[in-house]
Amino acid sequence: MTATQRTMMKTFFIIVPVFMLILLPPLLPHTVSQEPSTEAGNEVGRVRTMLLLIHDKGTLTGAVRVKTDTSTLSVHIKGYPHQTEVIFGTTVGTLQECYASEGGKAGEYLAAVTGETYGSVLRLSTEAVGRLAAELGGGIRYTLPETVGLLSVGEHWLTARQIAELLCYTGWKEPLHGQAAAHAGVIATLLNRYLSPERDLQAAFHALVAVCDDRLTVAQFTVLQSELRRLAAANGGDLCETAVASGRQIGVDGKKRYVLTE
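A brief report on the enclosed structure follows. Keep in mind the model is a prediction, meaning the values are calculated, not measured. (Residues numbered from 1 in each chain as written. Predicted model: local features only at pLDDT ≥ 70, side-chain atom pairs only at ≥ 80, totals over all residues. Heavy atoms only, no water.)

1. A few points about the side chain of His183
Okay, step 1: Relative to the helices and strands, His183 resides in helix α6 (residues 175-194).
Okay, step 2: Since its relative accessible area comes to 0%, His183 is described here as buried.
Okay, step 3: Aside from chain neighbours lying at most four places away, what touches His183 is Ile54, Thr61, Gly62, Val64 and Leu167. (Helix = DSSP H or I, 4+ residues; strand = E, 2+ residues; numbered from the N terminus. Buried < 20%, exposed > 50% of the residue type's maximum accessible area, 1.4 Å probe, protein only. Contact = heavy atoms within 4.5 Å.)

2. Some points on the packing of aromatic side chains
Okay, step 1: If you walk through the whole model with that rule in mind, you get 2 aromatic pairs.
Okay, step 2: For the pair Phe88 and Tyr109, a centre-to-centre distance of 6.2 Å together with 65 degrees between the ring planes defines the contact as edge-to-face. Of this pair, Phe88 sits in strand β5 (residues 85-88) while Tyr109 sits in helix α3 (residues 106-114); the two residues are 21 residues apart in sequence, bridging distant segments of the chain.
Okay, step 3: Ring centres of Tyr169 and Trp172 lie 5.3 Å apart, and the angle between their planes is 80 degrees; this geometry places the pair in the edge-to-face category.
Okay, step 4: Classification of Trp172 as buried rests on a relative accessible area of 4%. (Phe/Tyr/Trp six-rings, centres within 6.5 Å; stacked < 30°, edge-to-face > 60°.)

3. As for the nonpolar core
Among soluble globular proteins, nonpolar side chains are generally buried collectively.
Okay, step 1: If you look at the biggest cluster of nonpolar residues, it comprises 37 residues, and the most contacted ones within it are Ile77, Ile140, Leu166 and Val186.
Okay, step 2: Top contributing element to this core by residue count: α6, with 8 residues.
Okay, step 3: In this structure Ile77 touches Val64, Arg65, Val66, Ala184, Ile187, Ala188, Leu191, Cys240, Glu241, Thr242 and Ala243, once residues within four positions along its chain are discounted.
Okay, step 4: Among the nonpolar cores identified, the runner-up in size contains 21 residues, and Leu53, Ala63, Ala180 and Val244 belong to it. (Core = buried A, V, L, I, M, F, W, Y, C linked by side-chain atoms within 4.5 Å.)

4. Overview of the pattern of salt bridges
Okay, step 1: For the structure on display, the rule yields 10 salt bridges.
Okay, step 2: The shortest N-O distance in the salt bridge between Glu127 and Lys57 comes to 3.2 Å. Of this pair, Glu127 sits in helix α4 (residues 126-137) while Lys57 sits in the loop between β2 (43-56) and β3 (59-69); the two residues are 70 residues apart in sequence, bridging distant segments of the chain.
Okay, step 3: Taking the shortest distance from any N to any O, the salt bridge between Arg141 and Glu155 comes out at 3.9 Å. With a gap of 14 residues between them, Arg141 in strand β8 (residues 140-144) and Glu155 in strand β9 (residues 154-158) connect regions that are remote in the sequence.
Okay, step 4: Via salt bridges that share partners, Arg46, Arg48 and Glu227 belong to a single interconnected network. (Salt bridge = Lys/Arg side-chain N within 4 Å of Asp/Glu carboxyl O.)

Any functional reading would require information that these geometric values do not contain.
Shown next as structure tokens:
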């Protein structure tokens, strides 16, 4: 096998796990609920909504909701600041504080605030996101809306380390909104770039198991192959749309919270 063939196989086995993050069914450990199927014409489509909790060594940096719809062939990605206000137990606090206390179950408390249901909740570290991007193609091409550290405004090729640092960065002009936008943007960029029509899901699933914090089994994704193919076939490089959850900031430094208004 040539070096080029080995590189292609390595990339092939890594790509699909990124897309499995958005499509795993509600068999996962922190399931909230499953959304019903919707019908479009003579073709049955399905809406799936999952929550990705991104953390840095156990400290939540943000949450990303990914909604796929195979009837409209669309993917909508929304970022939630880590200081989004939630109520857990008798405590009113931030999503980050809730995650520190409840782990992946923090998704249930966010669902209570947003009014959405998440078919699955997955936890992934900032380093793992960067590692996936590096394995897929050396990194991602990403446009920064403002200066981040030594990186100026504009388009940059981000390495694995830079991606992880971007997801942890809090020095935005609008800190809560800026970080949430970066989380949503990075995930959208990964999906838009690497989702392609032909993937061997079963062969690639083991790579996802290696980077995801949650325990997964082969049976959890076997029903999703046709949905993945439909979304991949519709992707022209801009399949994913991004947004930040609407809200307002309250409190002072050290005790800031982001209250959702949507």
